[in-house]
Amino acid sequence: MKLKLLSIFSLVLFNQAFAQLGKFYATTDSENAKELKEKFPEEIEIVGAAGNQSAVFLTKKAAEFLHHNVITHGPGYVYKSSREQALSAINKVKKTNRVLSFTIDQDAVVTSAIAKVNADNIKNHIQTLENYGTRHHTTVKAQTAIQDLKTKWQALITASGRTDVSVRIVNHSGTPMPSLVLTINGASSPNDYVIVGGHMDSITNNVNNAPGADDDASGIATISEMIRVLLDINYRPSKTVEFMAYAAEEIGLVGSSEIAQDYALNNKNVISFVQFDMTNYKGSTKDVYLTTDSYNSNDLNLFLIELMEHYNKTGTHAFTYGNTICNYGCSDHFSWADNGYDAAFPFEASFSQYNPNIHTVNDKLSNMGNSATHAAKFAKLGLEFIIEAAKGSVLNVSDITNQSVNIFVKDKFLNYQLEKETVESVVIVDTSGRQLLESKNLLSFGKIDLNKINNGFYLAVFKTKSGKIVTKKFILE
Ligand code: BES
Ligand code: ZN
């Protein structure tokens, strides 16, 4: 698959690049760049470095070395159309700084939303998308698929009678295929954006036969179900919420990178972005795998963990989570991260166990082994994220008003005190979802020794004797 992908990738990128010079610009890890420079001094020029990223000007030979020897998945570099693009990409300053500002206090809205998620809708939609036969970005069918999705989303809007919800086509310069964006205008902070996305295009070695049921009809069907539910409950966000179906992800994140770059150029305040790409193949024991690549947002991953601890721990909507790593900008969330925004990518399985049929003619619903019950978990997580992230306040309101647990960290001890209850257990979870330690049978106040834990962002999950779960974030430094 990697080889095939590389050749497709190469075709598109190198056709553009070789037409000019035979070398092309890209960004890559500084370590990779240095290693290449030592091995093949003639094949690569390092034109700049910032942090752990370098801007490079390299040949196909150097690029192939990167792909085969340095990384485990994907090309290993990000193509840039010019020296300026490469330099500005590595010098980008992170736009946002909202560390630990997410809160969870929308229980009533979230509970009513996740109860409405219907796996059958997702299943039927995946089948409909698979039935195009191909959604390869160069085909007319891909354009039809986007137009048909527009019709589907518009019908939901029309049925709701809402005038604050709209859908628009976005045309691109890098592909004939357009992307689609649905917007729910923010009622009080319309200039703050909370965005989720997936990609509409598909790929195999045969442009006319690329069913792409899991990759990524599943993601499009998952976000469509979120839209249906939100309109059904007459959801009104404070911030603007957008849903994006991207064009031409499979040839190098083309649709999403043009859109994310446009948002960044216009200084749009995107609070965070979550990608849904491959949601319906349960390849591993756990359900949702958060990707912890360095370009992803720790803060956002922690928030997603917190949401799952709060809403999906027990009962009808229970599911489990773990963590994994892509090792490369493997999907559209990278476009947002690359433009300085907080991004996350919850994935269907551990990376060593993802759907083996993707990018083949066998990427079909019938080969996924479930009728979208797996994808339904992602629709729930997406709804929880949207509703809690797009509400009014960005202040740590629940930490101020929710006095049921008070915590502070001093001298590597987590001090806690509960108002009325006794703690049964406290679990400390890191940004990767790993449980680092658990203390049991505690009092209503106490100290937990954090000396064995490295500095970083963590979540303390308190379970009380009466069964309540209270989560608190903290920084250890
Ligand atoms: N859905 C995949 C991403 C993916 C595949 C994630 C397998 C995890 C496991 C996506 O559509 C894709 O194929 N991405 C490419 C890179 C992209 C920049 C062309 C990849 O990961 O090889
Ligand atoms: Zn793919």
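Numbering of residues starts from 1 in each chain and follows the order in which that chain's sequence is written. Labels follow written order: the first chain is A, the first ligand is 1, and so on. Residues qualify for local features only when their pLDDT is at least 70, as the model is predicted, and side-chain atom pairs are given and counted only at 80 or more; totals for whole chains, interfaces and linings, by contrast, use all residues. Excluded from the side-chain calculations are hydrogens and water; all other atoms, namely the structure's heavy atoms, are used.

In the nomenclature of an unreviewed UniProt entry, the chain is known as Leucyl aminopeptidase of Epilithonimonas arachidiradicis.

A. Just the coordination of the zinc ion (ligand 2), in detail. Here a donor is an N, O or S atom found within 2.8 Å of the metal, or within 3.2 Å if the metal is Na, K or Ca; sites may look incomplete because water is not among the atoms. Binding of the zinc ion (ligand 2) to the protein goes through Asp215 (OD), Glu250 (OE), Glu250 (OE) and His359 (NE2), at separations of 2.0 to 2.3 Å. What the six donor atoms of the zinc ion (ligand 2) show is an angle range of 57 to 157° at the metal, which sorts the shape as irregular. Expressed as a motif, the donor residue spacing for the zinc ion (ligand 2) is D-x34-E-x108-H. Within this pair, whereas Glu250 is found in the loop between β8 (239-246) and α9 (254-265), its partner His359 is found in the loop between β13 (346-347) and α12 (373-389), the two being separated by 109 residues in sequence. Taken individually, Glu250 and His359 each receive the classification buried, so the pair is uniform in this respect. Every geometry call rests on angle ranges, with four donors termed tetrahedral when all angles are between 85 and 135 degrees, four termed square planar and six termed octahedral when opposite donors are over 155 degrees apart and all others are between 65 and 115, and everything else termed irregular. Here a helix means four or more residues in a row that DSSP labels H or I, a strand means two or more in a row labelled E, and each is numbered from the N terminus. Note on classification: 1.4 Å probe, protein chains only; a residue is buried when its accessible area is under 20% of the maximum for its type, exposed when over 50%, partly exposed between these limits.

B. Representation of the pairing of strand β18 (residues 445-449) within the structure. The alternating pattern of β18 places Gly446 and Ile448 on a buried face and Phe445, Lys447 and Asp449 on a face that is not buried. Criterion used throughout: strands pair if DSSP finds at least two bridges between them. Two elements, strand β15 (residues 413-418) and β18, share five bridges in a ladder whose sense is antiparallel. Looking at β18, one finds that Gln417 is bridged to Phe445.

C. The state of the cysteines, seen in detail. Throughout, disulfides are identified as pairs of cysteine sulfur atoms within 2.5 Å of each other. Throughout the structure, instances matching the rule amount to one disulfide. Across the disulfide from Cys326 sits Cys330; the S-S distance is 1.9 Å. Disulfide Cys326 to Cys330: torsion about the S-S bond roughly 110°, handedness right-handed. A relative accessible area of 1% places Cys326 in the buried class.

D. Fine view of the nonpolar core. Formed by 79 residues in total, the largest nonpolar core has its most connected members in Trp153, Leu182, Val196, Met226, Phe243, Phe385 and Ile386. Residues from two domains meet in this core; each of domain 2 (107-389) and domain 3 (399-476) gives at least three. If you look at the next biggest cluster of nonpolar residues, it comprises 28 residues, including Val78, Val170, Ala260 and Tyr263. Here, nonpolar core means buried Ala, Val, Leu, Ile, Met, Phe, Trp, Tyr and Cys residues that are tied together by side-chain atoms lying within 4.5 Å of each other. Marked domain ranges trace back to an automatic or database domain assignment.

E. Quick peek at the packing of aromatic side chains. Note on aromatic pairs: the rings of Phe, Tyr and Trp (six-membered ring only in Trp) are paired at centre separations within 6.5 Å, and the planes decide the class, stacked below 30 degrees, edge-to-face beyond 60, tilted for the rest. Overall, the coordinates contain 13 aromatic pairs when judged by the stated rule. A ring pair is formed by Phe303 and Phe385, whose centres lie 6.4 Å apart and whose planes are at 65°; its orientation type is edge-to-face. Of this pair, Phe303 sits in helix α10 (residues 298-311) while Phe385 sits in helix α12, and the two are 82 residues apart along the sequence. Accessibility classification places Phe303 together with Phe385 in one group, the buried group. Members of the aromatic cluster, connected to one another through ring pairs, are Tyr193, Tyr246, Tyr263, Phe273, Trp336 and Tyr341. Of note, Lys268 hangs over the ring of Tyr263, and the distance from its end group to the ring centre comes to 4.3 Å. Our definition puts a charge over a ring when NZ of Lys or CZ of Arg is within 6 Å of the ring centre and also within 35 degrees of the ring normal. Note that Lys447 overlies the ring of Phe413, its terminal NZ or CZ placed 5.4 Å from the centroid.

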